[in-house]
Amino acid sequence: MFRLAMSRCSRRLGLAVLSLGLLLGLGACATAPPPGVAVVSPFDAARYMGQWFEIARLDHRFERGLSQVSATYALQPDGSVSVTNRGYNAAQGAWSEAVGRAVFTGDRNTGSLKVSFFGPFYGGYHVIALDPDYRWAMVIGPDTGYLWILARDKTLPADVRAQLLEQAARVGVDTRALIWVDHGAKGG
């Protein structure tokens, strides 16, 4: 009886370890940029730090319904980057904030990082367009279903917007699905 119980326990533990290994393996795959997408290099992490306003994004449940979205990045002594995302949820009448950590996936002179808001689970964060003065950026995730257009100001000039939309479409992003973020004064 004891052997049978131990055998079942061992199988369950083995399945749990296998499942965790598979999940972590898949998570590791989700940190590379989409195939054929070039990441910005050279990239100056120090210049990228500070506050960015989300101009446009593809819809995902973790940002659904948020307006006035911003991201603030800060270099940490260990070389990682703290990430604070903040947005206003009108349905709840409250601000929502998520704090995470990003690390470079390779050379710090390349705008390719992985970011986590949930412990050991990381997702890709790849800067694929960047203003020479670090005034705007376009970021893609591990696939073309994740895209953000960011700027230091709450608006972008029409010509820059058009240029970024054209580039996003070239790499396979459905630009018609972009949500243009409202930065009105709701919520304070």
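This text gives an overview of the structure that appears in the document. Please read these numbers as outputs of a predicted model, since none were measured by experiment.

1. Description of the packing of aromatic side chains
Consideration 1: Here the structure, examined in full by the defined rule, presents nine aromatic pairs.
Consideration 2: A ring pair is formed by Tyr48 and Trp52, whose centres lie 4.9 Å apart and whose planes are at 35°; its orientation type is tilted. As far as burial versus exposure is concerned, Tyr48 and Trp52 are alike and both buried.
Consideration 3: Ring centres 5.5 Å apart and planes at 35° place the aromatic pair Tyr48 and Tyr73 in the tilted group. Here Tyr48, found in helix 2 (residues 45–48), pairs with Tyr73, found in strand 2 (residues 66–75); they are 25 residues apart in sequence, far enough to count as distant.
Consideration 4: Take Tyr48: its relative accessible area is 2%, and that puts it in the buried class.
Consideration 5: According to the relative accessible area criterion, Tyr73 is buried, its value standing at 8%.
Consideration 6: Taken together, the ring pairs connect Phe43, Tyr48, Trp52, Tyr73, Phe104, Tyr125 and Tyr134 into an aromatic cluster.
Consideration 7: Against the face of Trp95 rests Arg86, its NZ or CZ located 4.0 Å from the ring centre.
Consideration 8: In this structure, Arg161 packs its charged tip against the face of Trp180, placed 3.8 Å from the ring centre.

2. Thoughts on helix 3 (residues 158–170)
Consideration 1: Along its 13 residues, helix 3 runs 18 Å from first to last C-alpha, staying within 8% of the 18 Å computed at 1.5 Å per residue.
Consideration 2: Listed in full, the buried residues belonging to helix 3 are Val160, Leu164, Gln167 and Ala168. Down the axis of helix 3, the buried set is contained in an arc of 100°. They therefore lie on one face. In helix 3, the exposed residues that point more than 90 degrees away from the buried face are Ala158, Asp159, Glu166 and Arg170.
Consideration 3: For helix 3, the elements touching its buried residues are strand 6 (121–130), strand 7 (136–140) and strand 8 (147–151).
Consideration 4: With its phi angle positive at about 100°, Gly172 sits one or two positions after the end of helix 3.

3. Topic: the environment of Trp52
Consideration 1: Within the fold, Trp52 resides in strand 1 (residues 50–57).
Consideration 2: Look at Trp52 and you get buried, because its relative accessible area is 0%.
Consideration 3: Between the alpha carbons of Trp52 and Leu150 there is a distance of 5.9 Å; along the sequence they are 98 residues apart.
Consideration 4: Residues within four places of Trp52 in sequence aside, it is in contact with Ser70, Ala71, Tyr73, Leu130, Tyr134, Arg135, Trp136, Ala137, Leu150, Ala151 and Arg152.
Consideration 5: A polar atom in the side chain of Trp52 sits 2.8 Å from the backbone oxygen of Tyr48.

Scoring rules and cut-offs
- Here the residue numbering is sequential within each chain, running from 1 through the sequence in written order.
- Predicted model: local features are reported for residues with pLDDT of at least 70 only, side-chain atom pairs are reported and counted for 80 or more only, and whole-chain, interface and lining totals are derived from all residues.
- In computing side-chain values, all of the structure's heavy atoms are included and hydrogens and water are not.
- What counts as a ring pair is set by centres within 6.5 Å for rings of Phe, Tyr and Trp (its six-membered ring), and what kind of pair is set by the plane angle: stacked under 30 degrees, edge-to-face over 60, tilted for all other angles.
- Relative accessibility decides the category of a residue: with a 1.4 Å probe and only protein chains considered, values under 20% of the type maximum give buried, values over 50% give exposed, and everything between is partly exposed.
- Labels follow the DSSP assignment, with helices taken as runs of H or I lasting at least four residues and strands as runs of E lasting at least two, numbered in each case from the N terminus.
- In this analysis the charged atom, NZ for Lys or CZ for Arg, is taken to sit over a ring once it is within 6 Å of the ring centre and within 35 degrees of the ring normal.
- Multiplying 1.5 Å by the residue count of a helix minus one yields the expected span of that helix.
- An arc is given here, and it is the one of the directions from the helix axis to the C-beta atoms.
- What makes two residues a contact is simply this: any of their non-hydrogen atoms within 4.5 Å.
- Polar contacts here mean pairs of N or O atoms no more than 3.5 Å apart (in protein, one a potential hydrogen donor and the other a potential acceptor; neighbouring residues in sequence count only if both atoms are side-chain atoms).

Purely geometric numbers; function is a separate question.
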